[in-house]
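Below, each chain spelled out in residue letters.
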Amino acid sequence: MVAPENLDLVVQVRILTGQYIMANFRSIILAAGKGTRMKSDVPKVLHPICGRPMIEYVLDITRRLSSLKTYVVTGHGAEKVKGAISSDGVEFVLQPRLLGTADAVRRVEGRLKSFRGTLLILCGDTPLLSKDTVRSLLAKHRQSKASATVLTALVDNPQGYGRIVRDRAGSLVAIREQKDASVKESLANEINVGVYCFESYRLFEALKKVRLNTKKKEFYLTDCIELLLAAGHRVKTLISDDAQVALGVNSRGDLAQAEAVIRKRILDKHMQNGVTIVDPITTYIETDVKIGADTIIYPCTVIHSNVRIGTRCKIGPFAHIRSGSRIGNTVEIGNFTEVSRTTMGAGTLMKHFSFLGDAVVGAKTNIGAGVVTANFDGVTKHKTKIDRGAFIGSDAILVAPVTIGSKALVGAGVVVTKHTKVPAGALVRGVPAKIFKK
Ligand code: UD1
Ligand code: MG
């Protein structure tokens, strides 16, 4: 917390470091499109990438750059989009008819009547975009005092993207959509990433003049660039130094490409934090997973989001750890295993062919080969509690709800029926199980 007498100083420091410049802007994320090329009932921006809707990666950027407000334009599947993304700092704006990207931005005009600053516009289908690239775009826009600044990228295959058209001197002339580009224009390998900074009043002036594109029956936001230039306003470009950030996800192939890049970023981060990943090519770890140092992840392992794993664990090969699981230090989860919404205490071993669902397992417990918690009765999921130091023999089935006391021993092949409470230290044998007190 900054004391009021120091506020001036903070503002000065922010101006010097560029932070203040970054803070004074609002954002629009275009997310109303149908995503026709995905051939899906799910709105395009909700397709998950490493366990998160793709639009969340774009929202991360506006949040991290402290956008004063982010307007998300929804249309196709609006209610689904609203319900699926975190609404923190977000205002949803409905685009009732999908009339193109220019029309989508027009829907926000009413909310920006008194705003005279910079508008950052992004597309909800560019999940590889980086915060640093957008920060550079904002900085260039402010420094050049342009009316608009467009992020571009030089790509090997410009197929499907809007092309950047420049004159002989290299100055920007227009953004031409593929369908409207001449042969010469379509040969350009500089493309429009779909990220722009605009001075808001200039943008809304230009939007009034955008005409319907007769080929696509849409109003193109990209037409504003030519209109601003024709009116004598300054429009700048920033060429991204990383072409990867430009990927717009329009098809299932693009989705797989984005997934591969984000998956690699996630794995690299875990390795930098001291986790051994024996075979990154066959390891799938979603976002929001924390793994302690010196844990080893063996091949063909899948770890979903919202999982925590301690230090010095051994996971896999062929392990599947699902959301909500909490794994303590030095736990071993071996081959052909699944752990779901389960907590496992430090030093617990579960080395072969087992399933733990909705279970709380204490420390130093042994889960034998083939042990199964039968947590679902066809209607409801039930909990299993296995206390510290218990030993569950091979092929035992624990029909939840069930409690196994500390240091109890459940024999091989035992079926512990539901509502059983095995006391601490007891021996359990037979089918159905019989409890032998110590
Ligand atoms: C758009 C750009 C193109 C750029 C590319 C980058 C236009 C006209 N073209 O093409 O220059 O190279 O992105 O990826 O802007 N949307 C709405 N309402 C609509 C239509 C679209 O909100 O009526 C949203 C979509 O949900 C999407 C974004 O706008 O998030 C872009 O639309 P999309 O159809 O993917 O445009 P592209 O063909 O990729
Ligand atoms: Mg697109």
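From a predicted model like this one, the values you see are computed outputs, not experimental measurements. (Residues numbered from 1 in each chain as written. Chains lettered and ligands numbered in written order. Predicted model: local features only at pLDDT ≥ 70, side-chain atom pairs only at ≥ 80, totals over all residues. Heavy atoms only, no water.)

Asker: Explain the overall build of the protein chain to me, using residue names and the numbers behind them.
Answerer: Secondary structure assignment for the protein chain yields 10 helices and 39 strands. Here the protein chain holds 438 residues, and the buried ones make up 47% of them. Residue pairs in contact within the protein chain that sit at least 24 positions apart in sequence constitute 43% of those at least 6 positions apart. Approximately 21,000 Å² of the protein chain is accessible, and the part contributed by carbon and sulfur atoms is 54%. Between the mean site of the 63 positive side-chain charges and the mean site of the 38 negative ones, the protein chain shows a separation of 4 Å. (Helix = DSSP H or I, 4+ residues; strand = E, 2+ residues; numbered from the N terminus. Buried < 20%, exposed > 50% of the residue type's maximum accessible area, 1.4 Å probe, protein only. Contact = heavy atoms within 4.5 Å. Areas by Shrake-Rupley, 256 points an atom, 1.4 Å probe, with all protein chains shown as cover. Lys, Arg positive; Asp, Glu negative; His and termini not counted. Charge placed at Lys NZ, Arg CZ, Asp CG, Glu CD.)

Asker: Tell me what's going on with the domain arrangement of the protein chain, and back it up with residues and numbers.
Answerer: In terms of domain boundaries, the protein chain breaks down into domain 1 (4-246) and domain 2 (252-437). Each of domain 1 and domain 2 has a C-alpha centre, and these two points are 43 Å apart. Contacts between the two partners involve 14 residues from domain 1 and, on the opposite side, 12 residues from domain 2. Here domain 1 and domain 2 share an interface that buries about 1,200 Å² over both sides, 62% of which is from carbon and sulfur atoms. On the surface where domain 1 and domain 2 come into contact, there are 0 salt bridges. The interface formed by domain 1 and domain 2 holds 5 residue pairs in polar contact (both at pLDDT 80 or more) in total. Contributing elements (two or more residues each) for the side of domain 1 that touches domain 2: strand 2 (48-49) and helix 3 (54-64). For the side of domain 1 that touches domain 2, a count of residues per class yields 8 nonpolar, 4 polar and 2 charged. (Domains from an automatic or database assignment. Buried area = accessible area lost by both parts, 1.4 Å probe. Salt bridge = Lys/Arg side-chain N within 4 Å of Asp/Glu carboxyl O. Polar contact = N/O pair within 3.5 Å; in protein donor to acceptor, adjacent residues only side chain to side chain. Nonpolar A, V, L, I, M, F, W, Y, C, P; charged D, E, K, R; others polar.)

Asker: Can you lay out the coordination of the magnesium ion (ligand 2) for me, pointing to particular residues and giving the numbers?
Answerer: At 2.1 to 2.4 Å from the magnesium ion (ligand 2) lie its protein donor atoms, namely Asp125 (OD) and Asn250 (OD1). Residue Asp125 is found in the loop between strand 6 (118-123) and helix 6 (131-144), and its partner Asn250 is found in the loop between strand 13 (235-239) and helix 10 (252-272); the two are separated by 125 residues along the sequence. Of the two residues, Asp125 and Asn250, both sit in the buried class. (Donors = N, O, S within 2.8 Å, 3.2 Å for Na, K, Ca; no water.)

Asker: Which residues make up the nonpolar core, and what values go with them?
Answerer: Counting 84 residues, the largest nonpolar core has Ile333, Ile392 and Ile404 as the members making the most contacts within it. Here this core spans two domains, since at least three of its residues come from each of domain 1 (4-246) and domain 2 (252-437). Contact partners of Ile404, with chain neighbours within four places excluded, come to Lys385, Ile386, Asp387, Ala390, Ile392, Leu398, Val410, Val416 and Val422. Ala104, Phe115, Phe198 and Leu228 belong to the second largest nonpolar core, which has 32 residues in total. (Core = buried A, V, L, I, M, F, W, Y, C linked by side-chain atoms within 4.5 Å.)

Asker: Outline the packing of helix 8 (residues 200-209) against helix 9 (residues 223-230), listing residues and values.
Answerer: Running from N to C, helix 8 and helix 9 point in directions that differ by 105°, and their axes come no closer than 9 Å. Considering the angle they form, helix 8 stands roughly perpendicular to helix 9. Between helix 8 and helix 9, the contacting residues are Arg202, Leu203, Ala206, Leu207 and Lys209 on the first element and Cys224, Leu227 and Leu228 on the second. Taken together, the residues of the contact of helix 8 with helix 9 sort by class into 6 nonpolar, no polar and 2 charged. (Axes fitted to C-alpha atoms, helices over the stretch in contact; angles between N-to-C directions. Parallel < 35°, antiparallel > 145°, perpendicular 65-115°, else oblique.)

Asker: Could you give an account of the site of ligand 1, naming the residues involved and the relevant values?
Answerer: Around ligand 1 there are 24 residues in total, and Leu30, Gly33, Gln95, Glu177 and Asn192 lie nearest to it. Between ligand 1 and Glu177 there is a distance of 2.7 Å, counted from an oxygen atom to a side-chain nitrogen or oxygen. Out of a free accessible area of 760 Å², ligand 1 has 93% covered by protein chains. Of all the elements in the fold, those that place two or more residues in the shell around ligand 1 are helix 5 (101-106) and strand 10 (190-199). Looking at the shell around ligand 1 residue by residue, the class counts come to 10 nonpolar, 10 polar and 4 charged. (Near = heavy atom within 4 Å.)

Asker: Please provide a residue-by-residue account of the environment of Ile397, values included.
Answerer: Considering the arrangement of structural elements, one finds Ile397 in strand 33 (residues 397-399). Spatially, the C-alpha atom of Ile397 lies 6.2 Å from that of Val416, the residues being 19 residues apart in sequence. The residues contacting Ile397, other than those within four sequence positions of it, are Val372, Ala374, Val414, Val415 and Val416.

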